[in-house]
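Residue-level listing of the chains:
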Number of protein chains: 2
Amino acid sequence: MAGDKLFPFVTTDVALFTLDGDALRVLVVKRTNEPERGRWALPGGALKPSLDEDLAASARRVLAEKVRFDIPYLEQVCAFSGRDRDSRGWSISVLFYALLPKDRIDAVAGHKTEAIEWVDPDRPGRELAFDHDRQLAEALAQLRAKIEHDALPLHLLPDRFTLTELQRACEAITGEALDKSAFRRRLKLREGKEFVEVPGEFAEGAHRPAQYYRRTRGFRF
Amino acid sequence: MAGDKLFPFVTTDVALFTLDGDALRVLVVKRTNEPERGRWALPGGALKPSLDEDLAASARRVLAEKVRFDIPYLEQVCAFSGRDRDSRGWSISVLFYALLPKDRIDAVAGHKTEAIEWVDPDRPGRELAFDHDRQLAEALAQLRAKIEHDALPLHLLPDRFTLTELQRACEAITGEALDKSAFRRRLKLREGKEFVEVPGEFAEGAHRPAQYYRRTRGFRF
């Protein structure tokens, strides 16, 4: 049985982030099974060694039940573990975070009778099941640190995007307004390597049309 | 049995870093048991749910067999997993790194008939067992990133240390020489919070005596 004296019970959980307008959101699902039935949690599920190549594949399989779209970016956060975090016994949950492009928010749906909601990761508005409040805080801290150390969250954006959208995405994650000209200077160093112009394509705006850009094939978050 | 269709085999492995003089070193042990008997590996061992409170406690227990000294700092790197990384079956290894103060290098000894060696983590001089070459590279990258983002590796130093020793420790990790006056200015911002003077205690040197410092109790790496 799971969580017995010899073998821990292993799950993967995923903090799936996206943007709703200019606001950072994370997916929570209402649990339809015991334990903690009826409570909200990050999506997750048991590792299946016969099906899963490794833990990342397991997290992708679990996510595939909720998201009808191939998630471009998934990163391991860390493992949570111990005797008491899950009533099924000694358990390990390996946490990942994933980024969903903002124009794909409709590709996400609950599995069977499961309710889903996109919530503010800083204020999910409910106490999450298991240790998922701590998991969410850790995933968010890791995503923020990455942006503060200058990574560009291009996976949160549609296939083509403007530099203003990119700035808004960074601001949504860190919660801090960026100076436009300093941000543009920073971007100049990455243009050509991480993202490139889409020639002749412009977004209509209140002012003049804005150039569209896209990720390069070699882009790594 | 381990690694069967339902439950993965779970171990923790530890990259234990220290300084030998001014050089960064990591501990490797020669395996005395199958699988991969006779090969060199990072120290590690099977999780024991009946003994271990959580994964970090398991890593500390495994390390306690090699190190007769309470390791002040242990941090999770990430989990490695899959069907093929260990011949015992589907397995998970949760990797930690730990920092041993340079004056405690003699507190480390092999367990029973096990041989140990301190090697250059960039060039261990042998191919390590399992996926431990990849594990070591990952632990080293995470330690380096932390120092490059300004953390001070005070846990590698003796209970009292000079600022020159601290600079050498940073340089040993990143592999890059630091400008002394720029480094001292950076330290000024942390003095009092992360480390403090040991009043009246000085190291003898070739030039004038150098002030000794110690970690504050609240210091967090």
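Residues numbered from 1 in each chain as written. Chains lettered and ligands numbered in written order. Predicted model: local features only at pLDDT ≥ 70, side-chain atom pairs only at ≥ 80, totals over all residues. Heavy atoms only, no water.

A. Representation of helix α1 (residues 55–64) of chain A. Among the residues making up α1 of chain A, those that are buried are L55, S58, A59, R61, V62 and L63 of chain A. Contact partners of the buried residues in α1 of chain A: β1 (9–20), β4 (44–46), β5 (73–82) and β6 (91–99) of chain A together with β5 (73–82) and β6 (91–99) of chain B. Between the side-chain oxygen at the start of α1 of chain A and the backbone nitrogen of A56 of chain A there is a gap of 3.3 Å, and the oxygen is on D54 of chain A. (Buried < 20%, exposed > 50% of the residue type's maximum accessible area, 1.4 Å probe, protein only. Helix = DSSP H or I, 4+ residues; strand = E, 2+ residues; numbered from the N terminus. Contact = heavy atoms within 4.5 Å. Polar contact = N/O pair within 3.5 Å; in protein donor to acceptor, adjacent residues only side chain to side chain.)

B. View of the packing of helix α3 (residues 163–174) of chain B against helix α4 (residues 180–188) of chain B. Residues and elements named next belong to chain B. Orientation of α3 relative to α4, taken along the N-to-C sense of each, is 105°, at an axis distance of 11 Å. On the basis of their axis angle, the class for α3 and α4 is roughly perpendicular. Within the contact between the two elements, α3 uses L163, T164, L166, Q167 and C170 and α4 uses K180, F183, R184 and L187. Among the residues making up the contact of α3 with α4, the classes are represented as 5 nonpolar, 2 polar and 2 charged. (Axes fitted to C-alpha atoms, helices over the stretch in contact; angles between N-to-C directions. Parallel < 35°, antiparallel > 145°, perpendicular 65-115°, else oblique. Nonpolar A, V, L, I, M, F, W, Y, C, P; charged D, E, K, R; others polar.)

C. Representation of the domain arrangement of chain A in the model. All names here are of chain A. What the domain assignment reports for chain A is domain 1 (9–143) and domain 2 (154–215). Across the boundary between the two partners, domain 1 contributes 15 residues, which contact 10 residues of domain 2. When residues of domain 1 are sorted by the area they lose upon contact with domain 2, L19, D22 and K102 head the list and together hold 38% of the total. Between domain 1 and domain 2 we count 1 salt bridge in total. The salt bridge partner of E165 is K102, with a shortest N-O separation of 3.6 Å. The interface formed by domain 1 and domain 2 includes 1 residue pair in polar contact (both at pLDDT 80 or more). Elements with a minimum of two residues in the side of domain 1 that touches domain 2: β1 and β2 (23–30). Among the elements that take part in the side of domain 1 that touches domain 2, β1 stands out by supplying 3 residues, more than any other. Here the residues of the side of domain 1 that touches domain 2 are counted per class, giving 10 nonpolar, 1 polar and 4 charged. (Domains from an automatic or database assignment. Buried area = accessible area lost by both parts, 1.4 Å probe. Salt bridge = Lys/Arg side-chain N within 4 Å of Asp/Glu carboxyl O.)

D. The arrangement of the relation of the copies chain B and chain A in detail. Once turned by 180° and shifted 0.0 Å along the axis, chain B lies on chain A with an RMSD of 0.0 Å. The operation mapping one copy onto its partner corresponds to a two-fold rotation axis. Relative to the rotation axis, the closest C-alpha in chain B is found at C78 of chain B, a distance of 2.8 Å. The share of interface residues of chain B whose copies in chain A are also at the interface is 100%, consistent with both copies meeting through the same surface. (Least-squares fit on C-alpha atoms with pLDDT ≥ 70 in both.)

E. Molecular detail of the packing of aromatic side chains. With the rule as written, the count across this model stands at 9 aromatic pairs over all chains. Centre to centre, the rings of F7 of chain A and F7 of chain B are 6.2 Å apart; their planes meet at 0°, and the pair counts as stacked. Remark: F7 of chain B occurs in the segment before β1 (9–20) and F7 of chain A occurs in the segment before β1; the pair is interchain, linking two chains. Comparing F7 of chain A with F7 of chain B, the two get one shared label, buried. (Phe/Tyr/Trp six-rings, centres within 6.5 Å; stacked < 30°, edge-to-face > 60°.)

F. Quick peek at the environment of R190 of chain A. Residues and elements named next belong to chain A. Within the secondary structure, R190 sits in the loop between α4 (180–188) and β8 (195–203). Take R190: its relative accessible area is 15%, and that puts it in the buried class. Each C-alpha atom of the pair R190 and L152 lies 9.3 Å from the other, and the pair is 38 residues apart in sequence. Each residue touching R190, except ones within four places of it in the same chain, is listed here: D150, A151, L152 and F195. For R190, the side chain forms a polar contact with the main-chain oxygen of D150, separated by 2.8 Å.

G. Representation of the interface of chain B and chain A in the model. Facing the 27 residues of chain B at the interface are 27 residues of chain A. Taking both sides of the interface into account, the surface hidden between chain B and chain A amounts to around 2200 Å²; carbon and sulfur atoms contribute 60%. Looking only at chain B, the three residues that lose the most surface to chain A are F7, P49 and W90 of chain B, adding up to 26% of its buried area. If you look at where chain B meets chain A, you find 2 salt bridges. Counting across the chain B and chain A interface gives 14 residue pairs in polar contact (both at pLDDT 80 or more). Elements represented by at least two residues in the side of chain B that touches chain A include exactly β5 and β6 of chain B. For the side of chain B that touches chain A, the element with the highest residue contribution is β5 of chain B, accounting for 5 residues. Considering only residue class, the side of chain B that touches chain A consists of 15 nonpolar, 5 polar and 7 charged.

H. The arrangement of the environment of V67 of chain A in detail. Residues and elements named next belong to chain A. Mapped onto the secondary structure, V67 falls in the loop between α1 and β5. For V67, a relative accessible area of 4% corresponds to the buried category. The sequence separation of V67 and G175 amounts to 108 residues, and the corresponding C-alpha distance is 26 Å. When near neighbours in sequence (up to four residues on either side) are disregarded, V67 contacts L16, L100, A107 and V108.

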